[in-house]
Amino acid sequence: MTILCEHPPAFGGVELEEKNIPVDHDKQENELVLDGGFVVPGTNSFGHTFRDYDIESERQKGVEEFYRKNHINQTYGFVKRMREEYGSLNRVEMSIWECCELLNEFTDESDPDLDEPQIEHLLQTAEAIRKDYPDEDWLHLTGLIHDLGKVLLHPSFGELPQWAVVGDTFPVGCAFSESIVHHKYFTENPDHNNSTYSSKYGVYSEGCGLDKVSMSWGHDDYMYLVARENKTTLPSSGLFIIRYHSFYALHREDAYRHLMNEEDIENLKWLKIFNKYDLYSKSKVRVDVEEVKPYYLSLIEKYFPAKLRW
């Protein structure tokens, strides 16, 4: 990893056939089946149902406090500043795999389903996709890299607070949907009382396309910028997955569809497929990193330059 400059901490049309994935509710352990298709576990690594934000636990209290900070501070102005600051990509020069290894230092405080280092989740996601969609190598690589933007937590990237890096994402500059988790905390967001930013369309127009919409700042949008500006050859559906994989209000609740265009609608099909692997592959089963590393290095070479600007 080559540090390019020092920065202080910043706070301010493919036809798809979706595969049916069985849920075995009789299994007592979470598992990732790598030799016979993907098995969706009934519970997460804590023994709870996935994305259950209401269950009483110490971790859930921390998750709710995370979302309180996130919903208060993610404003249209904040997102604009972060995009301007980080869009220059002048902090670090490193390869995709170096970035994967860098993420070993972090866990995601917003995630009620996972407390493992991020590299475990990346490989679990990628390998599960690889087994069910063996011919879609771009999707395997997307599974590996979708969370790499979480390096924003690292000192070399400004060591941003977790509320500015992880968690569910949502549009800013228009009304906050009630389908967003812990929606109640948006009442303390300054944009909530802005007549333009709190209207249905806000600063956007019907069918404008999600590429024209500013999303809450975090690892999704950052990794999207890194991939796009470094001239990746991933298809548009791969970039769509990277930027919107945490946009649960859209791909789980169908909110904000009034802002989508035709390309978004096509790419959403891939995102919904991807989401099953992103969410349900979180388990205690480990992937042999050295065994699968050569395959993913070959995909990185195919779709990315050797070194990227971050």
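Calculation criteria
Residues numbered from 1 in each chain as written. Predicted model: local features only at pLDDT ≥ 70, side-chain atom pairs only at ≥ 80, totals over all residues. Heavy atoms only, no water. Patch = residues over 30% accessible without salt bridge, like charges linked within 9 Å, V, L, I, M, F, W, Y side chains within 5 Å. Areas by Shrake-Rupley, 256 points an atom, 1.4 Å probe, with all protein chains shown as cover. Salt bridge = Lys/Arg side-chain N within 4 Å of Asp/Glu carboxyl O. Lys, Arg positive; Asp, Glu negative; His and termini not counted. Charge placed at Lys NZ, Arg CZ, Asp CG, Glu CD. Helix = DSSP H or I, 4+ residues; strand = E, 2+ residues; numbered from the N terminus. Buried < 20%, exposed > 50% of the residue type's maximum accessible area, 1.4 Å probe, protein only. UniProt positions renumbered as here; feature names shortened; annotations may be inferred. 1 Å grid on protein atoms, 1.4 Å probe; cavity = no way out; pocket = protein on both sides within 12 Å on 5 of 7 lines; lining within 4 Å. Contact = heavy atoms within 4.5 Å. Polar contact = N/O pair within 3.5 Å; in protein donor to acceptor, adjacent residues only side chain to side chain.

J.: Account for a negative patch on the surface, naming residues and giving values.
T.: A cluster of acidic residues, Glu101, Asp288, Glu290 and Glu291, forms a negative patch on the protein surface. Counting through the fold element by element, Glu101 comes out in helix α3 (residues 96–102). Relative accessible area serves as the criterion here: at 43%, Glu101 is assigned to the partly exposed category.

J.: Any chance you could break down the UniProt feature "binding site: Fe cation" (unreviewed entry) in the protein chain for me, citing the residues and the numbers?
T.: UniProt records the feature "binding site: Fe cation" (unreviewed entry) for His121, His146, Asp147, His219, His245 and Asp278 in the present numbering. Lining the second largest cavity, from the residues just named, are His219. Mapping His146 onto the fold places it in the loop between α5 (137–145) and α6 (219–229). On the accessibility criterion, His146 (0% relative accessible area) is buried. Setting aside its immediate chain neighbours within four residues, His146 contacts His121, Leu122, Thr125, His219, Ile242, His245, Phe274 and Asp278. In terms of polar contacts, His146 uses its side chain to reach the side chain of His121, at 3.4 Å. Tracing the chain through its elements places His219 in helix α6. For His219, the residues in contact, after removing those within four places along its chain, are His146, Asp147, Gly149, Lys150, Leu152, Val165, Val166, His245 and Ser246.

J.: Lay out unusual backbone geometry with the relevant residues and their values.
T.: The phi dihedral of Glu159 is positive, around 50°, even though this residue is not glycine. Along the chain, Glu159 turns up in the loop between α5 and α6. Phi at Asp254 takes a positive value of approximately 60°, unusual for a residue other than glycine. Locating Asp254 in the fold gives a position in the loop between α8 (248–251) and α9 (262–280). Exposure remark for Asp254: the relative accessible area of 40% places this residue in the partly exposed category.

J.: Let's hear about the UniProt feature "binding site: substrate" (unreviewed entry) in the protein chain: which residues, and what values?
T.: The feature "binding site: substrate" (unreviewed entry), as annotated in UniProt, sits at Arg51, Asp108, Glu109, Ser110, Lys150, Gly167, Asp168, His245 and Ser246 in this numbering. As for the second largest cavity, its lining draws on Gly167 and Asp168 from among the annotated residues.

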